[in-house]
Amino acid sequence: MPRDTNKLLYDLRDLTILVVDDQADVRNGLKRLIGTLGCEVLTAASAEQALEVLQNEYFDIIFTDLKMDGMSGVDLMHRVKQQFPEIEVVMITGHGTIEIAVSCLQSGASHFITKPFDNKEILSFIKNAGYKILSRQHAQHNQSKYASRDIVAIDPSMREVMELIEQVAPSKVPVLIEGASGTGKELIAREIHNRSRVSEKPFLAINCIALPDTLLESELFGYKKGAFTGAHKDTKGLFEQVGGGTIFLDEVASMSMMFQGKLLRVLQEKVIRPLGTGETVAVDFRLIAATNKNLEELVADGRFREDLLYRLQVMKIELPKLKDRTACIPALAEHILQRAAREIMDPGETCPSFSRAAIDALIEHNWPGNVRELENTIQRALIVCKGEKIQPSHLGFSKNLNLASDLFDEFDSYENEKQKAIESFQKVYIQKALQRTGGNISRAAELCDLTRAAFQRIMRKLNIESVKSKEKV
Ligand SMILES: Nc1ncnc2c1ncn2[C@@H]1O[C@H](COP(=O)(O)OP(=O)(O)OP(=O)(O)O)[C@@H](O)[C@H]1O
Ligand SMILES: [Mg+2]
């Protein structure tokens, strides 16, 4: 199960689904099952009734029986697709033959399911289609109120951030962005600038980390020729160069207490004194600061000036960790994949897409490095993936057996899929047993309650070596 299921379900609640079947027990059964996701589910007893309901209601997904009295499921699908091409239609069939499946998919169905239902498969389909629908709605939404081409903000916590940006951008008040490494602090700072009244003016960024006071001072305040060795000519500091635009002070927590005092004076008086001069120069700027530390804790420890903190955080934006906004992950992954494909792939090459199992794995991962780590993971996956689908194995996570989601990724015959699932289970299971016993086959067999011969048979079949001892099997 994805870690942050509540947030995912919260979004799925926005989906509306129609179930069309002439058998009441099938209709009601599906309605109950889908209802567990929190989606709104309506039912219709015939294709004709469904078309009537569609006059007044919009649906994201329609599940329809193939064979019904009157209009068939396929005809209903054609009518729906003509009018609402973006609605996903899932065909319900009594007999799961390959021919029926192929013809359903060819005529525009997103998926088909066979009776008796596999509940897990149905729920998994809705979650997957749901995220696509939400990404699409997000893109449409982005064209309107919170227009941003670059920021993915589907999770409610990120929508709040976007609203704050909207409110704060037009004013000139200082903003403090707090967030762990890789959560998008610089991206948000640029967004505030781009939406401000000074978007035509410069956005100048400086990272305070590892800059000694003297360098920070000369960079920000500028200097007169001869102010120090190497000062060959008068140079304007960033506060002057920015000329009414935005200064982005990254990693503010790294500033020394002494420099914090100097910065505070600039914020209060809006004047600077370039190094090597006695004169003051009036400056005009908007300040955005960022930190991955908790500045209040630093204040309590006596390592950050309280008065400066109050000046910086007239408005504070806290960026959630990626693991706390899992609803954003599928859309972020897609966004990053497209960007990476433009950078890495040759024109004309087809960009692979994510398998459902890969998306599940991305949602379940812990992401200590946040969006930046997600970016690295996807760039790597794009390089190692040679096929059309990015699979969990391309993500470079430690191997976790994810039977349920791996199974339904591609539809092979039931027997073949079952065999594959058994083999991948055996492989992980046997390897784990060998790891536990330091490669000792007899003890591993004992641990699994198998005879040594049976254990070795599986090892041979799957080409598993006892890594540590290289014991012959
Ligand atoms: N919500 C988002 N939507 C799209 N891309 C994002 C989002 N958040 C972050 N990114 C991308 O993730 C990468 C890291 O973002 P950014 O550099 O702004 O993070 P940061 O918090 O400043 O990181 P660091 O602490 O490492 O300096 C960037 O390439 C950025 O475009
Ligand atoms: Mg940064």
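Not measured: the values here are computed from a predicted model.

Thresholds applied
- Residues numbered from 1 in each chain as written.
- Chains lettered and ligands numbered in written order.
- Predicted model: local features only at pLDDT ≥ 70, side-chain atom pairs only at ≥ 80, totals over all residues.
- Heavy atoms only, no water.
- Helix = DSSP H or I, 4+ residues; strand = E, 2+ residues; numbered from the N terminus.
- Buried < 20%, exposed > 50% of the residue type's maximum accessible area, 1.4 Å probe, protein only.
- Contact = heavy atoms within 4.5 Å.
- Areas by Shrake-Rupley, 256 points an atom, 1.4 Å probe, with all protein chains shown as cover.
- Near = heavy atom within 4 Å.
- Polar contact = N/O pair within 3.5 Å; in protein donor to acceptor, adjacent residues only side chain to side chain.
- Pairing = 2+ DSSP bridges.
- Axes fitted to C-alpha atoms, helices over the stretch in contact; angles between N-to-C directions.
- Salt bridge = Lys/Arg side-chain N within 4 Å of Asp/Glu carboxyl O.
- Left-handed = near helix turned anticlockwise from the far one by under 90°.
- Nonpolar A, V, L, I, M, F, W, Y, C, P; charged D, E, K, R; others polar.
- Patch = residues over 30% accessible without salt bridge, like charges linked within 9 Å, V, L, I, M, F, W, Y side chains within 5 Å.
- pLDDT = per-residue confidence, 0-100.

### Some thoughts on the overall build of the chain
Counting its regular elements, the chain contains 20 helices and 16 strands. Counting over 473 residues, the chain shows a buried share of 47%. Within the chain, contacts between residues at least 6 apart in sequence are counted, and of these 68% link residues at least 24 apart. Of the roughly 24,300 Å² of accessible surface on the chain, a fraction of 49% belongs to carbon and sulfur atoms.

### A short note on the site of ligand 1
In the vicinity of ligand 1, 19 residues are found, and the nearest of them are Val 152, Lys 185, Leu 187, Arg 372 and Glu 375. Here Gly 184 contributes a backbone N or O atom positioned 3.0 Å from an oxygen atom of ligand 1. A total of 630 Å² of accessible area belongs to ligand 1 in isolation, and the protein chains cover 86% of it. Broken down by secondary-structure element, the contributors of at least two residues to the shell around ligand 1 are α8 (185-194), α14 (329-344) and α16 (370-384).

### Notes on the sheet that holds strand β5 (residues 111-114)
Read from one edge of the open sheet, 5 strands run β2-β1-β3-β4-β5, paired in parallel fashion. Each having just a single partner strand, β2 (40-44) and β5 make up the two edges of the open sheet. If you compare each strand with its neighbour and ignore which way they point, the axes differ by 20° on average. In terms of strand pairing, strand β1 (residues 16-20) meets strand β3 (residues 61-65) through 4 bridges, oriented parallel. Across the sheet, Leu 18 pairs through a bridge with Ile 62, a residue of β3. Where helix α2 (residues 24-35) meets the sheet, its contacts fall on β1, β2, β3 and β4 (88-93), and the angle it forms with β2 comes to roughly 170°.

### A closer look at the pattern of salt bridges
The full count for this structure, using the stated rule, is 12 salt bridges. Put simply, Lys 316 and Glu 178 hold a salt bridge, and the shortest N to O gap is 3.5 Å. Separated by 138 residues along the polypeptide, Lys 316 in strand β14 (residues 315-318) and Glu 178 in strand β6 (residues 175-178) bring together distant segments of the chain. As a salt-bridge pair, Glu 375 and Arg 339 come within 2.5 Å of each other at their nearest N and O atoms. Here Arg 339 lies in helix α14 and Glu 375 lies in helix α16, a separation of 36 residues in the sequence. The network of salt bridges with shared partners includes Asp 21, Asp 65 and Lys 115.

### Considerations on the packing of helix α7 (residues 156-168) against α8
The geometry of α7 relative to α8 is characterised by a closest axis approach of 9 Å and an angle of 35° between their N-to-C directions. Crossing handedness for the pair α7 and α8: right-handed. Of α8, the residues touching α7 (which contributes Val 161, Ile 165 and Val 168) are Ile 188, Glu 191 and Ile 192. Residue composition of the contact of α7 with α8, grouped by class: 5 nonpolar, no polar and 1 charged.

### Remarks on a nonpolar patch on the surface
A cluster of nonpolar side chains, Ile 344, Ile 383 and Val 384, forms an exposed patch at the surface whose accessible area comes to about 240 Å². When you line up the elements, Ile 344 lands in helix α14. Residue Ile 344 is classed as partly exposed on the basis of its relative accessible area, which comes to 38%.

### Quick word on the environment of Ala 327
Relative to the elements of secondary structure, Ala 327 occurs in the loop between β14 and α14. It is 8.9 Å that separates the C-alpha atoms of Ala 327 and Ala 153, two residues lying 174 residues apart in sequence.

### Section: the confidence of the model for the chain
Here the chain averages 85 in pLDDT, while 89% of its residues score no lower than 70. Across residues 400-408, where pLDDT falls below 50, the model places 16 contacts with residues more than four positions away in sequence or in other chains.

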